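Chain by chain, the residues run as shown.
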Amino acid sequence: MSQILRDARKYEETRERQIKDEPRPAFHLSTRVGWLNDPNGFAYYNGEYHLFYQYHPYNSHWGPMHWGHAVSSDLLHWKYLPAALAPDTDYDRDGCFSGSAVSLDDGRQMLMYTGVVKETQPDGSTREVQRQCIAIGDGTDYVKYPGNPVLDENDLPEGGSRFDFRDPKIWRAPDGTFRCVAGNCTPDKDGRILLFSSEDGLKWKFEKTLISNNGRFGRMWECPDFFELDGKQVLLVSPQDMLPQGFEYHNGNGTVCIIGNYDSETDTFIEEKNQAIDYGIDFYAPQTVVAPDGRRIMIGWMQNWDTCNLHSPERSWFGQMSLPRELSVKNGRLIQKPVRELEQMRTNKVSYENVEVSDVIRLDGMKGRRIDMELTLRPAEGEELYRKFAVRFAQNDTCHTAVSFRPHESILKVDRKFSGSRRAIIHQRRSLVNSVNGRITMRIILDNFSVEIFVNNGEHVLSATLYTDLSADGILFYSDGKAVIDVVKYDLDFEA
Ligand code: FRU
C-alpha cells in the first residue's frame, strides 16, 4: 500500500473520532470526513452493498480525489471502510475520478476509474489528462493494475478530447465479457458517450460512439450509466452547463434520463424520450446497482455543483447521497421510489383522513425531522378549486421548508428560503407535475438535512438539502381555498 493511501486511512480514522458528535444525516450516506461527491463503484459484492465515493478527506472542499468506501446490508445503515483508492501513481497522481465496479469470476472485485494527471500546455496553462484505470481487490484493499491506464487517448475516436474522457461505468455481458461506457466530448465540448468492450476487463477496445449530444443537453457529459429496464434501454447521464428547457433541466450541471431501445446486433441505441432525473435543487451523477432480488437501484450525489463550495473551510464534513431509489419504466417515463427497506425504519404512525384545510393548521402528533409522510391531496367537494396548498416542515418561529402545489397551473414548488442557509443560493425550484382537478399524491422523506419529494408514486422527484437547526421539527399544512387531505406520517427510527 502506498504511503499516500496509508496517510489518508490514518487521517480519516483520527479525524472521524474528533468529529463524531457533529450533526449528520441519519440514513443518507455522508462522507466519513472532509468532502464527498459522486457515488462510485455501487455494487453488491460478497453479500453486501458497496458504495464508494469521490472523496477529499483532508478538508470539506473538493481536492485531489480519493475513493471513500462504505458498506451496508440494507442501503440505509452504512459502515465506513478505509479509503479504497488514493492518487498515488504517475497515471493518477492528480486524482482518482469517478468509476464503477464489477465482480470477477475468481471472487475478486474490479474497480474501473479515471486517473487524472495535470499537464502543462504549450501556452503555459495546465490541463488535466484523463485515462481509465483498473484496481482489483477483496472488498477492502485494492491493488492498481500494473498495466494502467487501460484506456487512453489512443483509444478515442476521431476528435475525442483527452482532457474530457472520464467516469467509466463497467458491466458484465451475459457471456461474461466486459463492457463499459464513458463520457467524452468533441473539441468544441459537445458531449458523447463511448462504448468499449473487453474479454478480460484489462485489454479494452473501442466499439463505437453510443450517443452524441449534438448540442441538445449541455456540454460535456459526465457519469453515464446504461442498462435495460422493463423492456427498454435507459441511459442516465449528467451533462455540464445545461440550458433549461421549459420545466426540464434547471440545474446547470444537471441530469438526463434517455429512454429508448437497443439493437444488440449492431450496438445501436435508438432514443425515444428524455427527461430530467430529479426536478429539485440537489441531485447529480447518479449510479445504479442491481440488487440480488433484481431491483435496479439508483443513488445520486444530493448536492448541486453551483452551491456546494460556499461553506466555510472549517466545516468538518460536506456532501451527502440521495436516498437509494428503486427504478422502473412506465409509459416511457422513469419512475423512482424510495427503496422498500426504508419501510422497516417506520415507527410512531400518525394518520388523518379527510382533513379539510382552508388556512394554516397543525395536526396533533405531526412533527419530526426524520419522517416518511404520505399525503393525498384533493379539492373539497362542491367548492371552488383551491388556489394553493402547502406543507411546511423543519419549522419553528424562524425557519421552515415548504412544498407547495398550485392546482390551476399543476406546479409543485420546493422552497428552502428559510432553511438555515446564510448564503444567497438557489432556494426554490418549480416542477410541472401531473394532476387532474387538484388531485395529487406526495411522499415526503425528511432526513436531518434533506428533503426528497416523490410525486404521484415516483413520476417526479424533487430533492433538496437544507441546513435548518435540528430543533426545528414542526409541521404545518396550509391552503388558500378549501382542500382535503389524507395524511400518514411515520418517524424514521434509524436505530431500528
Ligand atoms: C462529476 C465529476 C466527474 C468526475 C468527478 C470528479 O460530478 O465531475 O465527471 O469524475 O466529478 O470528482
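This text goes with the structure placed above it.
Reading the values: the criteria
Residues numbered from 1 in each chain as written. Predicted model: local features only at pLDDT ≥ 70, side-chain atom pairs only at ≥ 80, totals over all residues. Heavy atoms only, no water. Pairing = 2+ DSSP bridges. Helix = DSSP H or I, 4+ residues; strand = E, 2+ residues; numbered from the N terminus. Axes fitted to C-alpha atoms, helices over the stretch in contact; angles between N-to-C directions. Salt bridge = Lys/Arg side-chain N within 4 Å of Asp/Glu carboxyl O. Buried < 20%, exposed > 50% of the residue type's maximum accessible area, 1.4 Å probe, protein only. Near = heavy atom within 4 Å. Polar contact = N/O pair within 3.5 Å; in protein donor to acceptor, adjacent residues only side chain to side chain. Areas by Shrake-Rupley, 256 points an atom, 1.4 Å probe, with all protein chains shown as cover. Nonpolar A, V, L, I, M, F, W, Y, C, P; charged D, E, K, R; others polar.

### Re the sheet that holds strand S30 (residues 450–455)
Point 1. In space, the six strands of this open sheet follow the order S22-S33-S24-S29-S30-S31, with antiparallel pairing throughout. Each end of this open sheet is capped by a strand with a single partner; those strands are strand S22 (346–357) and strand S31 (460–465). Between one strand axis and the next, the sheet turns through 15° on average, direction left out of account.
Point 2. In terms of strand pairing, S22 meets strand S33 (residues 483–492) through eight bridges, oriented antiparallel. Each bridged residue has a counterpart across the sheet, and for Arg 346 the counterpart in S33 is Leu 492.

### Describing the pattern of salt bridges
Point 1. Evaluation of the coordinates by the stated rule reveals 37 salt bridges.
Point 2. Salt-bridge contacts for Arg 325 lead to Asp 278; the nearest nitrogen and oxygen are separated by 3.1 Å. You can see Arg 325 sitting in strand S20 (residues 325–330) and its partner Asp 278 sitting in the loop between strand S16 (268–275) and strand S17 (284–290), a full 47 residues away along the chain.
Point 3. On the basis of relative accessible area, Arg 325 is assigned to the buried category, the value being 0%.
Point 4. A salt bridge links Arg 387 to Glu 384; its shortest N-O distance comes to 3.8 Å.
Point 5. Judged by relative accessible area, Arg 387 falls into the partly exposed class, the value being 39%.
Point 6. Under the relative-accessibility criterion, Glu 384 is labelled exposed at 64%.
Point 7. If you follow the salt bridges from partner to partner, you end up with Asp 293, Arg 295, Glu 326, Arg 340 and Glu 341 in one network.

### What to know about the site of the ligand
Point 1. Inspection of the region around the ligand gives 13 residues, with Asp 38, Gln 54, Arg 166, Asp 167 and Glu 222 positioned closest.
Point 2. A distance of 3.1 Å is found between an oxygen atom of the ligand and a backbone nitrogen or oxygen belonging to Ser 98.
Point 3. Here an oxygen atom of the ligand and a side-chain polar atom of Glu 222 are 2.8 Å apart.
Point 4. Taking 320 Å² as the accessible area of the ligand by itself, protein coverage stands at 95%.
Point 5. Taken together, the elements giving at least two residues each to the shell around the ligand come down to strand S1 (34–45), strand S5 (96–103), strand S9 (165–172) and strand S13 (221–229).
Point 6. Classifying every residue of the shell around the ligand gives six nonpolar, three polar and four charged.

### Observations regarding unusual backbone geometry
Point 1. With an omega dihedral of -5°, the bond running from Asn 148 to Pro 149 counts as a cis peptide bond.
Point 2. Phi at Cys 223 takes a positive value of approximately 50°, unusual for a residue other than glycine.
Point 3. Position of Cys 223 among the secondary structure elements: in strand S13.
Point 4. Positive phi values are uncommon outside glycine, yet Asn 354 reaches one of about 55°.
Point 5. Mapped onto the fold, Asn 354 is located in strand S22.

Function cannot be read off these values alone, since they describe shape.
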